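# Structural overview for review
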Amino acid sequence: TPVRAVVLYPAPFAALRERFCEGGDRAFINSLLQATPWYSGRGGKSGSTFLKTMDDRYLLKQVPRSEVWAFHEHAPTYFMFVSNTPTTLPSVLVKILGAVLVEYRNADGLKVTQYLLIQENLFYGKNVSRMCDLKGAHRNRGGEDENETVLDENLFRFNNGYPLLLSEAAKQRLTRALWNDTLFLASINVMDYSLLVGMVQTRAPAATTKDGEPQGADEGDWTLMVGLIDYCRQYTWKEEAERQIKRATVIQPKQYKRRFREALNRYFMASIEKYCELHVVG
């Protein structure tokens, strides 16, 4: 049984949606009317619940109260930054377009509170073959199937030991955007964000013989969809206490920014011959 819904920052979010959502607020609300549970395949530790609108445009992410209030704390700075992207400031930030507190009573009559962040779907209208979740850490795991998201160091195993190849112009665009985004996030004391990369095949793979040899067709080209996500975790006294206990498990925002930037040169390399096209959100 619904009890109430509280919309945070209605006017600034409405202004963002008017600019970035096709059809403005009316179309946005119509999209939210129909949403279904969605498994992202990212395999993160947060255990967040996702919903995806039926038209594939938006994701609703259930987050802990701490993340909503962390966003609440730096919301004015966020709105100012996003309003200058991507025209003035190159950026790959996947935009949060709404924040809602929902209360309802469950079947036992107990009141339940959920916090939802609504964000654009980076992969709207694209048939993504593989996703990569990159944090700049030396994370890996074994036994991924084709539906799982590749984590950091496993990217090289998936890509035959090589980084993702981009044109020189695309590499420069991505670097400028991530420099802006990571500088902004460090300034508001945020860490633990990820670069989500989706691989979209734009040409059919090569036909092969029974022996696996190419049979005259092109081997296939890829477009990369990239966006920065999960940027609502602030570095607080709790993270500092965890860092003191676990040492390298949690790092401070400035160090996280530095590590994240340095990892770019491991994950992406400029190539003058064969390269992927790049599409950045926004």
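Residues numbered from 1 in each chain as written. Predicted model: local features only at pLDDT ≥ 70, side-chain atom pairs only at ≥ 80, totals over all residues. Heavy atoms only, no water.

Let's shift gears to the overall build of the protein. Tallying secondary structure elements over the protein gives 7 helices and 13 strands in all. Looking at the 282 residues of the protein, the share that counts as buried comes to 43%. Considering only contacts in the protein between residues 6 or more positions apart, those separated by 24 or more positions represent 66%. Just so you have it, the protein exposes about 15300 Å², and 52% of that area is on carbon and sulfur atoms. (Helix = DSSP H or I, 4+ residues; strand = E, 2+ residues; numbered from the N terminus. Buried < 20%, exposed > 50% of the residue type's maximum accessible area, 1.4 Å probe, protein only. Contact = heavy atoms within 4.5 Å. Areas by Shrake-Rupley, 256 points an atom, 1.4 Å probe, with all protein chains shown as cover.)

Reading across the sheet, the 6 strands line up as β1-β5-β6-β4-β3-β2 and stay open at both edges, with antiparallel pairing between neighbours. With one partner strand each, in any of the chains shown, β1 (2-7) and β2 (35-38) form the two edges of the open sheet. Mean inter-strand twist for the sheet, computed between neighbouring axes without regard to direction, equals 30°. Note that strand β4 (residues 58-63) and strand β6 (residues 111-120) share 6 bridges and pair antiparallel. (Pairing = 2+ DSSP bridges. Axes fitted to C-alpha atoms, helices over the stretch in contact; angles between N-to-C directions.)

Along the chain, Lys52 falls in strand β3 (residues 50-53). Here Asp56 takes part through its side chain, which lies 3.1 Å from a polar atom of the side chain of Lys52. Aside from chain neighbours lying at most four places away, what touches Lys52 is Gln34, Ala35, Thr36, Trp38, Tyr58, Leu59 and Asn121. (Polar contact = N/O pair within 3.5 Å; in protein donor to acceptor, adjacent residues only side chain to side chain.)

Moving on, we get to helix α2 (residues 24-32). Looking at α2, one finds that the buried residues are Gly24, Phe28 and Ser31. Buried positions in α2, seen along its axis, are confined to an arc of 60° and lie on one side of it. Against the buried residues of α2 lie α1 (10-20), β3, β4, β5 (96-105) and β6. (Arc of directions from axis to C-beta.)

The next subject is the confidence of the model for the protein. Across the protein, the average pLDDT comes to 83, with 77% of residues at 70 or higher. The low-confidence segment residues 214-218 (pLDDT under 50) makes 11 contacts with residues lying over four places distant or belonging to another chain. (pLDDT = per-residue confidence, 0-100.)

Scanning all chains against the criterion turns up 13 aromatic pairs. Ring plane angle 5° and centroid distance 4.2 Å describe the contact between Phe81 and Phe184, whose orientation is recorded as stacked. Of this pair, Phe81 sits in helix α3 (residues 65-83) while Phe184 sits in helix α5 (residues 168-187); the two residues are 103 residues apart in sequence, bridging distant segments of the chain. Each member of the pair, Phe81 as well as Phe184, carries the same accessibility label: buried. (Phe/Tyr/Trp six-rings, centres within 6.5 Å; stacked < 30°, edge-to-face > 60°.)

Below, the discussion takes up the nonpolar core. Formed by 59 residues in total, the largest nonpolar core has its most connected members in Tyr78, Leu93, Leu185, Leu195, Val197, Leu228 and Phe268. The dominant element in this core, judged by the number of residues it contributes, is α3, at 7 residues. Excluding residues that lie within four positions of it along the chain, Leu185 makes contacts with Leu93, Val190, Tyr193, Leu228 and Tyr231. (Core = buried A, V, L, I, M, F, W, Y, C linked by side-chain atoms within 4.5 Å.)

The next point concerns the packing of α1 against α3. One way to put it is that α1 packs onto α3 with a least axis distance of 11 Å and a crossing angle of 30°. Crossing of α1 against α3: the hand is left-handed. Across from Pro12, Phe13, Leu16, Arg19 and Phe20 in α1, the residues of α3 making contact are Phe71, Tyr78, Phe79, Val82 and Ser83. (Left-handed = near helix turned anticlockwise from the far one by under 90°.)

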